[in-house]
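Residue strings, one per chain:
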Amino acid sequence: MATHTLRKRERLCSMKLTDRLFNGAGSHSMAAFPVRVVWMEKEREDHESPVQVLVSVSKRHFKQAVKRNRVKRQLREAYRLSKQLLYDKLEQVPQRAVVIAFIWLSDELYSTAEVTRCTEILMKRLTEKL
């Protein structure tokens, strides 16, 4: 049964992991405009979620916090609805985990349907690469 939630333990909060994700040699990147995803595989610990997610929208793209928050909300919702593809793939290898960062690339706002479509494309491509 698919659970469409985004719990605290599924969010990337560790500074060490974030630094490793963006500065490490093991990270990969792909984009489906206006969203870019940076991801890295790692060993899974006992109490840890198989996927940890970070959502980032730069102040350079949207000066107003209201617009940044809207885009972050859209990205989180799109991931929440399409994350089951990734979880199904990771069930096959229980000792592996994935750290993902969604980064917004555009200076424009998009509809929720468009953001969801781009995120689903990225999730499908990511599951193929794993």
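This text goes with the structure placed above it.
What you see is a predicted model, and the numbers here were worked out from it, not measured in a lab. (Residues numbered from 1 in each chain as written. Predicted model: local features only at pLDDT ≥ 70, side-chain atom pairs only at ≥ 80, totals over all residues. Heavy atoms only, no water.)

Participant: An account of the packing of aromatic side chains is needed here, citing residue identities and associated values.
Facilitator: For the structure on display, the rule yields two aromatic pairs. Ring centres of Tyr79 and Phe102 lie 5.8 Å apart, and the angle between their planes is 55°; this geometry places the pair in the tilted category. With Tyr79 in helix H2 (residues 65-82) and Phe102 in strand S4 (residues 96-104), the pair connects residues that are 23 residues apart, well separated along the chain. Side by side, Tyr79 and Phe102 carry an identical accessibility label, which is buried. Considering the side-chain rings of Trp104 and Tyr110, the 5.8 Å spacing of their centres and the 65° angle between planes classify their relative orientation as edge-to-face. (Phe/Tyr/Trp six-rings, centres within 6.5 Å; stacked < 30°, edge-to-face > 60°. Helix = DSSP H or I, 4+ residues; strand = E, 2+ residues; numbered from the N terminus. Buried < 20%, exposed > 50% of the residue type's maximum accessible area, 1.4 Å probe, protein only.)

Participant: Would you mind going over the environment of Val71 in detail, with residue names and values included?
Facilitator: Checked against the element boundaries, Val71 lands in helix H2. The exposure class of Val71 is buried, given its relative accessible area of 0%. C-alpha separation for the pair Val71 and Val57, spaced 14 residues apart in sequence, amounts to 7.2 Å. If near-sequence neighbours (up to four positions away) are discounted, Val71 is found in contact with Val57, Phe62, Trp104 and Leu109. (Contact = heavy atoms within 4.5 Å.)

Participant: For the packing of H2 against helix H4 (residues 112-129), give the residues involved together with the corresponding values.
Facilitator: Put simply, H2 and H4 touch, their axes get as near as 9 Å, and they point 50° apart. Considering the angle they form, H2 stands oblique to H4. Crossing hand, H2 versus H4: right-handed. Across the interface between the two elements, Gln74, Leu75, Ala78, Tyr79 and Ser82 of H2 pack against Thr112, Val115, Thr116, Thr119, Glu120 and Met123 of H4. A breakdown of the residues in the contact of H2 with H4 according to their chemical character gives five nonpolar, five polar and one charged. (Axes fitted to C-alpha atoms, helices over the stretch in contact; angles between N-to-C directions. Parallel < 35°, antiparallel > 145°, perpendicular 65-115°, else oblique. Left-handed = near helix turned anticlockwise from the far one by under 90°. Nonpolar A, V, L, I, M, F, W, Y, C, P; charged D, E, K, R; others polar.)

Participant: Before we move on, could you go through the side chain of Gln52 and cite the residues and values that matter?
Facilitator: Mapped onto the fold, Gln52 is located in strand S3 (residues 51-56). For Gln52, a relative accessible area of 11% gives the class buried. Excluding its chain neighbours within four sequence positions, the residues that come into contact with Gln52 are Arg9, Glu10, Arg11, Leu12, Leu17, Lys42, Val98, Val99 and Ile100.

Participant: Residues and numbers for the sheet that holds strand S1 (residues 27-32), please.
Facilitator: The four strands lie next to each other as S1-S2-S4-S3, forming an open sheet whose pairing is mixed. Each edge of the open sheet is held by one strand with a lone partner, namely S1 and S3. The mean inter-strand angle of the sheet, taken between neighbouring strand axes irrespective of direction, is 20°. In terms of strand pairing, S3 meets S4 through six bridges, oriented parallel. Note on S4: the bridge partner recorded for Val55 is Phe102. Running at roughly 145° to S1, H4 makes contact with S1, strand S2 (35-43) and S4 of the sheet. (Pairing = 2+ DSSP bridges.)

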